[in-house]
Amino acid sequence: MSLPVFAVVGRPNKGKSSIVATLARDDSVYIDARAGSTRQARAFPMQVDGQTLYTLVDTPGFQRAREVLDVLQASCSDASGRPQAVRDFVARHSGQERFRDECELLRPIVEGAGIIYVVDGSCPFGADYEAEMEILRWCGRPSLALINPIDNDEFTEQWQAGLGQYFRTVRLFNAHRAEFAKQLELLALFGHLDPDWQQSLQQAVEVLRAEREQQHRDSSSMIAGMIAAALTFQVSQKIPEGTPGDPIKSALALRYRETQVRRERQCRRQVEEVFHYHNLQRSEDVLALEDADLFQMDDWYLWGLSRTSLAAVAGSAGAILGGGTGMVLDGATGGLLGGLGTLVSGAAGAITGGVGAWRYADEIAQFRLKGIPTGGKQLSYGPSRNLNFPFVLLGRALLHHRLLCQRTHADRSNLALDADLLEQVDDSQRRKLARLFAQIRAGKREDERRAELAALVLQWCRAHDA
Ligand SMILES: Nc1nc2c(ncn2[C@@H]2O[C@H](COP(=O)(O)OP(=O)(O)OP(=O)(O)O)[C@@H](O)[C@H]2O)c(=O)[nH]1
Ligand SMILES: [Mg+2]
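What you are looking at is a predicted structure, and each value in this text was computed from that prediction instead of being measured. For every chain, the first residue of its written sequence is number 1, and the numbers climb from 1 along that sequence. Chains and ligands are labelled sequentially in the order written, the chains with letters from A and the ligands with numbers from 1. Whole-chain, interface and lining totals are the exception, using all residues; otherwise, since this is a predicted model, local features are given only for residues with pLDDT of at least 70 and side-chain atom pairs are given and counted only at 80 or more.

## Remarks on the sheet that holds strand β8 (residues 367-371)
The strands making up a sheet associate through backbone hydrogen bonding, with each pair oriented either parallel or antiparallel.
Moving on, step 1. If you walk across this open sheet you meet the three strands as β7-β9-β8, and the pairing is antiparallel. Looking along the sheet, the strands with just one partner apiece sit at the ends: β7 (235-239) and β8. Neighbour to neighbour, the strand axes of the sheet diverge by 20° on average, direction disregarded.
Moving on, step 2. The pairing criterion is simple: DSSP has to find at least two bridges between the two strands. Secondary structure counts use DSSP, requiring at least four H or I residues in a row for a helix and at least two E residues in a row for a strand, with both numbered from the N terminus. For β8 and strand β9 (residues 377-381), the ladder comprises five bridges, and the chain directions are antiparallel. When the sheet's bridge partners are listed, Lys370 is paired in β9 with Gln378. Fitting a line to C-alpha atoms yields each axis, with helices limited to the stretch in contact; the angle taken between N-to-C directions then spans 0 to 180 degrees.

## Notes on helix α7 (residues 180-193)
Moving on, step 1. Between the first and last residue of a helix there are one fewer steps than residues, each counted as 1.5 Å, and that sum is the expected span. The first and last C-alpha atoms of α7 sit 21 Å apart over 14 residues, in line with the 20 Å expected at 1.5 Å per residue.
Moving on, step 2. Working definition of burial: number of other C-beta atoms within 10 Å of the residue's own, with buried at 20 or more, exposed at 12 or fewer, and partly exposed in between, all C-beta atoms being placed from the backbone. Here α7 has its buried residues at Leu186, Leu187, Phe190 and Gly191. End-on view of α7: buried residues confined to an arc of 145°, all on one side of the axis.
Moving on, step 3. A residue pair is marked as a contact if its C-beta atoms, positioned from the backbone, fall within 7 Å. Where α7 is buried, its residues contact β4 (114-120), β5 (143-148), β6 (170-172) and α8 (195-232). It is the directions from the helix axis to the C-beta atoms that the arc portrays.

## So, the confidence of the model for the protein chain
Moving on, step 1. Confidence of the predictor in every single residue is expressed as pLDDT, which spans 0 to 100. Across the protein chain, the average pLDDT comes to 85, with 86% of residues at 70 or higher.
Moving on, step 2. The secondary-structure element of the protein chain with the lowest mean pLDDT is helix α13 (residues 340-345), recorded at 31, while strand β1 (residues 5-10) shows the highest, at 98.
Moving on, step 3. Long-range and interchain partners of residues 319-360, a stretch whose pLDDT sits below 50, account for 75 contacts in this model, where long-range means more than four residues apart.

## Focus on the sheet that holds β4
Moving on, step 1. On the basis of which strands lie adjacent, the open sheet formed by six strands has the order β2-β3-β1-β4-β5-β6 and mixed pairing. Looking at the sheet topology across the chains shown, the edges are occupied by β2 (42-48) and β6. On average, adjacent strands in this sheet sit at an angle of 25° to one another, irrespective of strand direction.
Moving on, step 2. Pairing of β2 with strand β3 (residues 51-58), which is carried by seven bridges, proceeds in the antiparallel orientation. Bridge pairing in β3 links Met46 to Tyr54.

## Some remarks on the nonpolar core
Moving on, step 1. The nonpolar core criterion groups buried Ala, Val, Leu, Ile, Met, Phe, Trp, Tyr and Cys residues into a set whenever they are joined through C-beta atoms within 7 Å. Counting residues in each nonpolar core, the largest one holds 59 residues, and the members touching the most others are Ala7, Val8, Val20, Leu56 and Ile116.
Moving on, step 2. Excluding residues within four positions of it along the chain, Ile116 makes contact with Phe6, Val8, Ile19, Leu144 and Leu146.
Moving on, step 3. Judged by nonpolar contacts, the second largest core, of 56 residues, contains Leu305, Leu379, Leu404 and Cys461.

See the structure below:
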């Protein structure tokens, strides 16, 4: 059984490489705003666990379609000889500069690839496209046409009418925005066009669906693991007798913060790998996401829970912690004011042990000082008892996951953490989360609780595809 191969062809700068990147799920495909960026035909196999499901071939755009068609027409008198005429053309003109791009793009087709013809729905249809569509028809291979609305879909209807005369199947397909379901639909569609490939493509759709589910499972357990680790994390340091405490406090708080930031990033990288994004971290735009600092507490109400929602869940978490129910209700604290500066300077009270539960609302964690038998003292910081902190981590992780799900491998733009996802989670689920967080924090059957958390996260991850 031969594996399906598709050559993606069309004029320069119509999104051919973008379609290859999206359908082959490969963010290393070169995409550029300048026309003529793809110079050579190149195959990109779509693989799952090392098994190739199908192959996309990226090609340069048509340059001299009219001339090529003239040559073809002069060499062939009836329709039965047309595919052979195209093969002869490629054989005869390969290596010649004049028809370099046409030979590059036609070669994979004469070698057996199916045709995906790409046009831009934001540019008007014109008779000058007919020559290239006619050449493709001469190839006698299964084919479909995709209208890629690069800037808008203004000319879609025109295109449908024009393309419909050359291609039996015409679809609107946004190279940068096509969701996962739409990609699968396209594969199934191609299967219907060519009986030889039907079985392989049907199987590809099944493999990809199963893989997607696994991706959500892997991501949710990574996210749950990251949150559990963050909740129980603590840093500590010995303070020899007579050493001033303040510089050590700042250093400890910094170490705490840096470790949490690093772990959150590490979790993101892992989830990105799961979704086959290998180059995201190299894109300078991605800094938009990295800049959305985890400890920018002013943003915590956006990523985590709002004040009102926090108040609603405080009771369920407080009961387990044994903390006061007023934990986050005290308006006088001003909520999550200030960042690390407040945290370090405001920590003096915590050391004397007189900290009330309400303080957790605007602190990430607390300092503790205790004597050690060998002399001197041990200063520790963490674990965090801030009620919102795990919600913030969860909100950010879910948002990151959703951005990846809705992204294609053609999209090279930034990932911005600027939506409040957790506001969509209902009250009872929030209370359940608050309880789970409190239990994990308290170290009560942590493995079980983490698995429960992962199961909740999985539901939301799946929903990102809906
Ligand atoms: N917003 C948006 N931009 C797109 C879309 N498809 C392509 N582009 C942009 O259009 C430009 C050309 O995209 P490519 O995928 O490189 O086009 P191509 O047909 O491979 O171009 P050549 O290789 O030069 O023939 C790039 O700047 C893309 O970012 C789309 O669906 N949406
Ligand atoms: Mg290209």
